[in-house]
Amino acid sequence: MQMQTTSSQLLRQTAAQAEIDAAEKQNRRAAQAARFRAAFQARQTAALERRALEERNGFASVHTGTDYERFVAALLTADGFTVTQKGGSGDCGCDLLVSLPSGTAVVQCKFYSFPVGYDAVKEAYAAKALYRATAAFVCTNATYTRQARRTAAQLGIQLTTHATLSAALGRAQNVAG
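What's the story with the state of the cysteines in this structure? I'm lost.
Linking two cysteines covalently via their sulfur atoms produces the bond known as a disulfide. By the definition in use, this model includes 0 disulfides. Cysteine Cys139 remains unbridged, with the sulfur of Cys109 as its closest cysteine sulfur at 5.1 Å. Looking at Cys139, the relative accessible area reads 0%, which means it is buried.

Where do I start with helix 4 (residues 146-155) in this structure?
Along helix 4, the residues that are buried comprise Ala148, Thr151 and Ala152. The buried residues of helix 4 occupy one face: seen down the axis, they fall within an arc of 100°. Turned more than 90 degrees off the buried face of helix 4, the exposed positions are Arg146, Ala153 and Gln154. In this structure, the buried residues of helix 4 make contact with helix 3 (118-130) and strand 5 (158-161).

For this particular structure, what's the right way to read the environment of Tyr144?
Here Tyr144 shows up in the loop between strand 4 (135-140) and helix 4. Exposure remark for Tyr144: the relative accessible area of 11% places this residue in the buried category. Measuring from C-alpha to C-alpha, the distance between Tyr144 and Thr160 comes to 9.2 Å, with 16 residues separating the pair along the chain. Of the polar contacts made by the side chain of Tyr144, one reaches the backbone oxygen of Val138; its length is 2.7 Å. Within the local environment of Tyr144, its side chain forms a polar contact with the backbone oxygen of Thr160, the two atoms lying 2.6 Å apart.

Sorry if this is basic, but what is going on with helix 3 here?
Note that an α-helix has 3.6 residues per turn; residues three or four places apart therefore point the same way. Across its 13 residues, helix 3 extends 18 Å between first and last C-alpha, which sits within 8% of the 18 Å expected from 1.5 Å per residue. Among the residues making up helix 3, those that are buried are Ala120, Val121, Ala124 and Ala127. Viewed along the axis of helix 3, the buried residues span an arc of 125°, placing them on a single side of the element. Positioned one or two residues after helix 3, Arg132 has a phi angle of 50°, which is positive.

Which parts of the structure should I look at to understand the nonpolar core?
Generally speaking, soluble globular proteins have nonpolar side chains that are buried together. By size, the foremost hydrophobic cluster in this structure holds 21 residues, and its most contacted members are Val72, Leu76, Val98, Val107, Phe137, Leu165 and Leu169. Where this core is concerned, the elements lending two or more residues are helix 2 (65-78), strand 2 (96-100), strand 3 (103-110), strand 4 and helix 5 (165-176). Not counting residues up to four positions away in its chain, the partners in contact with Leu165 are Val72, Leu76, Val107, Phe137, Cys139 and Thr160. Among the nonpolar cores identified, the runner-up in size contains 15 residues, and Leu97, Ala124, Val138 and Ala148 belong to it.

Explanation requested: the pairing of strand 4 in the structure shown.
Residues in a regular strand project their side chains so that they alternate between the two faces of the sheet. Along strand 4, 6 of the 6 residues are buried, which leaves the element largely enclosed by surrounding structure. Of the two faces of strand 4, both are covered, the one formed by Ala135, Phe137 and Cys139 as well as the one formed by Ala136, Val138 and Thr140. Sheet analysis places strand 3 next to strand 4, joined by 6 bridges and oriented parallel. Opposite Gln108, over in strand 4, you have Val138 as the bridge partner. Considered for its hand, the β-α-β crossover made up of strand 3, helix 3 and strand 4 is right-handed. Summarising the sheet, strand 4 and strand 5 pair through 4 bridges and their orientation is parallel. Residue pairing in the sheet places Cys139 in a bridge with Thr160 of strand 5. Handedness of the strand 4-helix 4-strand 5 crossover: right-handed.

Conventions used here
- Residues numbered from 1 in each chain as written.
- Predicted model: local features only at pLDDT ≥ 70, side-chain atom pairs only at ≥ 80, totals over all residues.
- Heavy atoms only, no water.
- Disulfide = S-S within 2.5 Å.
- Buried < 20%, exposed > 50% of the residue type's maximum accessible area, 1.4 Å probe, protein only.
- Helix = DSSP H or I, 4+ residues; strand = E, 2+ residues; numbered from the N terminus.
- Arc of directions from axis to C-beta.
- Contact = heavy atoms within 4.5 Å.
- Polar contact = N/O pair within 3.5 Å; in protein donor to acceptor, adjacent residues only side chain to side chain.
- Expected span 1.5 Å × (residues − 1).
- Core = buried A, V, L, I, M, F, W, Y, C linked by side-chain atoms within 4.5 Å.
- Pairing = 2+ DSSP bridges.
- Right-handed = clockwise from strand over helix to strand, strands pointing away.

Shown next as structure tokens:
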């Protein structure tokens, strides 16, 4: 009789533990779903805010590389950065110089209708050395080629878009500072 009681108790305990495990799993899934929803909403909000900022700063009026450099400089200035425009012939790969507490960042802007190649990365790398910058970025409205991404990773150049440049500069500032 003792053995039967122990077996039935063990079965009840196992069933109770299974219910607890199932409830915990359901709670974890619900929490994960809530985190995903919150992250999605945060991305949507950030995208809407960036779109509104772009409209205020005139992205629709950007038609040339020089327009794009001015647009990116305006975005960075609006985000509290001190920016010096260098663009034009003879800029040695530096369109914008951004002052950081820990030094200077060079930004090479590319307004393209096709993916940015590794030449832009090499230009930013050269500008980083020439201007003795602590960080270098290539910023575009487009995407990057695989070769550009690989070269950037090897040379320590950060690839961004105008929508992500301020955040990347902030991270560079926090790492270096």
